[in-house]
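Survey of secondary and tertiary structure
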Amino acid sequence: MNESQPLITDTGETSPTTNSAILTAEPPPSTTTAATTTTTTTTSPSSTTTGTPTHGVDFDVEGGAARGGGRHGGHRKHKHRKLSARRVAAFAVAGVLAAVAVGCVLVAVGVRLARSDDDDAGGSRSVALVINDGMSFAALTLGRVAGGYGVDGSPVDEYLVGSLRTWSGSSWVTDSAAGGTALGCATKTINGYVGVDTAGNPVASLAYAAKRKGMGTAIVAKSRLTDATPAAFTSHIISRKLEEDIAAQQIDSGVDVIIAGGNYYFLPENREDGRDLLAEAATKGYMVITSIDDLYSHWENGTLRYPLFALVTSMDVGFSIDDPDINLPDMVSMALEIVPKPFFMMAECSLIDYAEHAHDPAAAFNDVVEFFDVFTTLRAYSETPLLVVAVSDHETGGLGLGGNNYSYNPVALSRVNASSRSMANMMFLGQDPTAVLEEYAGITPTEDELTTIAAALQTNATILSIALGNIVSDSVSIYWTTLSHTGADIPLFAANEWDPPDIPFGANNDNTAVPLKIAEYLGLDLAEATNELREQMGKTTMHSAQQHGRASKDPFHTQP
């Protein structure tokens, strides 16, 4: 082993500066358009770029280092799953009673999005937007079959209403920054840009527009808060790499409830300016929580309140397969309890993307199954009329199901009980590769595979994690076409337990249609909100980003 390379620490946390860049891609071609107040730009990339669209690597695993507690990082087993199950059951009973009372029907092919004249421009309606980062139709299939739902269908299948086109303002293949901006702000932008248009002008998100109307707002994510998708709803900047600047904007975002990972860039020791952003958030009235134990303690004791700023790990909270000390359905349930009603919530199933970048099918399908649980939790909510919309921002990895003479066997993935990054962690800590794979993946590696592992151990955790992911994939005849994203269409789900179908999403939609439909449903004016936002900011984020901040050192974020 190369002793100069960092290990993935027992706590699942490392400095984002540890691993050197090992994958590169050309930045997207420069794109500049005139500043505009519209938030519905849908110009195709062929008309806004020069040269060939690029396929930049967007590996959010942060150099392969594990980020957050878990079974293989020395933390406790997940003791909160039973609590979550009780709460979900309670929501389910209340939901059934409400459905009987109002004569509701479940929606299978569409959702009512039009407002009647007496609906008070959204009235008491709420929306939960679930973003499954990187989840393709193939990943959905893998989650269904490997997750044990077989031929009967998963809990979300009947709510599949269409698909989304995902191109960005600079490439036929979007990154998460441009994808998040499209889904959150109804604006096509350049890969790497967050909450701004192609000219670098800020554009209002659904969260901003909802807050402006007086609604409650919540952002929930398994990733770090400063990562591209949650950043697109809470900040405005021309580079997703400027995570210190993103963090500084997020404490001023006005969001009522934030529950996520990623307190790293909020701490003074990790910031070039030395600011303690969590202390500043507290002075703004936020209840600040930085540990999973404290978050659960307040929840179980009934002392959790808004405004809440809960960043409970240094980076992400951990893959579901690694049994982290917190799970996304619980995080969503916490937010549902305390967010002011009515509300807009964005909940991101962040780590499907991370797993797919590492070619890890077992970690990917387990986080897809967690999405099923999140969707079920939201559908069972009955306190206010709630429209649940679930989308992906792009496909990651080019997942292929079956590659060798019909020998595809996804059910065998149930034998795997650790992510490839956790297994890489064990090997970097000196455990025998054969023993690790046999115990945690049910695989006895071949001599060629052991040679690959030995070579990867001389590089870094990212390379080893990918190598192990490929070994697991090969064992069940799963293949991958890229370490990055693809331009494939992705699934769209919607459920509304309160209204019968009226105006469904189209069969195939541009990704900007999602926030536009949500804004219509809630009576929000994104264009007017954008004008107000720009007046408040006083100048474009293009200038601001060029003058301030230090880029995060994630080697796989190759966008601007």
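Residues numbered from 1 in each chain as written. Predicted model: local features only at pLDDT ≥ 70, side-chain atom pairs only at ≥ 80, totals over all residues. Heavy atoms only, no water.

Describing the overall build of the chain
- Across its full length, the chain holds 18 helices and 14 strands.
- Taking all 560 residues of the chain together, the buried fraction comes to 62%.
- A separation of at least 24 residues holds for 81% of the contacts in the chain among residues at least 6 apart in sequence.
- For the chain, the accessible surface area stands at approximately 18800 Å², while carbon and sulfur atoms represent 52% of it. (Helix = DSSP H or I, 4+ residues; strand = E, 2+ residues; numbered from the N terminus. Buried < 20%, exposed > 50% of the residue type's maximum accessible area, 1.4 Å probe, protein only. Contact = heavy atoms within 4.5 Å. Areas by Shrake-Rupley, 256 points an atom, 1.4 Å probe, with all protein chains shown as cover.)

Examining unusual backbone geometry
- Cis geometry is adopted by the peptide bond preceding P307, which originates at Y306 and carries an omega value of -5°.
- By the element assignment, P307 lies in the loop between α8 (292-301) and β6 (308-311).
- Between K341 and P342 the backbone carries a cis peptide bond, its omega angle lying at -10°.
- In this fold, P342 is placed in the loop between α9 (328-338) and β7 (343-349).
- Positive phi, close to 55°, is recorded for D323, a residue that is not glycine.
- Residue position: D323 is located in the loop between β6 and α9.

Structural notes on the packing of aromatic side chains
- Taken as a whole and judged by the stated rule, the model has 13 aromatic pairs.
- Seen in terms of ring centroids, Y159 and F375 are 5.5 Å apart; in terms of plane orientation they differ by 50°. Their pairing is tilted. Note that Y159 is positioned in the loop between α2 (137-146) and β2 (160-165) and F375 in helix α11 (residues 361-380), a separation of 216 residues in sequence.
- The class of Y159 is buried, set by a relative accessible area of 0%.
- An angle of 70° between the planes, with centres 6.0 Å apart, marks the rings of F371 and F375 as edge-to-face. Placement of both F371 and F375 in helix α11 is noted, with a separation of four residues, approximately one turn of the helix.
- Taken together through their ring pairs, the aromatic side chains of Y149, Y159, F371, F372, F375 and F493 make up a single cluster.
- Note that K188 overlies the ring of W167, its terminal NZ or CZ placed 3.8 Å from the centroid. (Phe/Tyr/Trp six-rings, centres within 6.5 Å; stacked < 30°, edge-to-face > 60°. Lys NZ or Arg CZ within 6 Å of the ring centre and 35° of its normal.)

Things to note about the pattern of salt bridges
- Summed over the entire model, instances satisfying the criterion amount to 16 salt bridges.
- For R534, the salt bridge goes to D197, with nearest N and O atoms at 3.2 Å. Taken together, the residues R534 in helix α17 (residues 526-537) and D197 in the loop between α3 (176-185) and α4 (206-213) connect sequence positions 337 residues apart.
- When the shortest N-O distance is used, the salt bridge between E528 and R212 registers 2.4 Å. Note that E528 is positioned in helix α17 and R212 in helix α4, a separation of 316 residues in sequence.
- Judged by relative accessible area, E528 falls into the partly exposed class, the value being 41%.
- We classify R212 as partly exposed; its relative accessible area is 33%.
- Through salt bridges with shared partners, one network takes in D175, R224, D227, R240 and E243. (Salt bridge = Lys/Arg side-chain N within 4 Å of Asp/Glu carboxyl O.)

Some words on helix α14 (residues 447-456)
- Inspection of α14 places E449, I453 and A456 among the buried residues, and these make up the whole buried set. Down the axis of α14, the sector holding all buried residues measures 60°, keeping them to one side. Across α14 from its buried face, at more than 90 degrees, point the exposed residues E447, D448 and T451.
- Buried residues in α14 make contact with α12 (420-428), α13 (433-441) and α15 (461-475). (Arc of directions from axis to C-beta.)

Observations concerning the pairing of β6
- Burial along β6 is two-sided: the residues L308 and A310 and F309 and L311 are all buried.
- Pairing geometry for strand β4 (residues 257-261) and β6, over four bridges, is parallel. Along β6, the bridge assignment pairs A260 with L311.
- In terms of strand pairing, strand β5 (residues 287-289) meets β6 through three bridges, oriented parallel. Bridged to M287 within β6 is L308.
- Note that the unit made of β5, α8 and β6 has a crossover that is right-handed. (Pairing = 2+ DSSP bridges. Right-handed = clockwise from strand over helix to strand, strands pointing away.)

Topic: α4
- When α4 is considered as a whole, its buried residues turn out to be L206, A207, Y208, A209 and A210.
- If you follow the buried residues of α4, they end up packed against α3, β3 (216-224), α5 (228-234), β7, α16 (513-522) and α17.
- Just past α4, the residue G214 takes up positive phi, approximately 100°.

Looking at the nonpolar core
- Membership of the largest hydrophobic core comes to 88 residues, with the highest contact counts inside it found for L295, L308, M345, F371, L378 and L413.
- Take this core: its biggest share by element is eleven residues, from α11.
- Grouped together as the second largest cluster of nonpolar side chains are 60 residues, Y208, A232, Y286 and L526 included. (Core = buried A, V, L, I, M, F, W, Y, C linked by side-chain atoms within 4.5 Å.)

Let's talk about the side chain of D133
- For D133, the location among the structural elements is in the loop between β1 (126-132) and α2.
- As a buried residue without a salt bridge, D133 has its nearest oppositely charged side chain in R240, at a separation of 6.9 Å.
- Here H394 takes part through its side chain, which lies 3.1 Å from a polar atom of the side chain of D133.
- Setting aside its immediate chain neighbours within four residues, D133 contacts S176, T229, E348, C349, S350, I352, D353, D393 and H394. (Lys, Arg positive; Asp, Glu negative; His and termini not counted. Polar contact = N/O pair within 3.5 Å; in protein donor to acceptor, adjacent residues only side chain to side chain.)

Some details on the confidence of the model for the chain
- Averaged over every residue, the pLDDT of the chain is 80; residues scoring 70 or more account for 73%.
- Scored below 50 in pLDDT, residues 1-120 makes 328 contacts in the model with residues more than four places away or belonging to other chains.
- When the criterion is pLDDT under 50, residues 540-560 qualifies, and its contacts beyond four places in sequence or with other chains add up to 86 contacts. (pLDDT = per-residue confidence, 0-100.)

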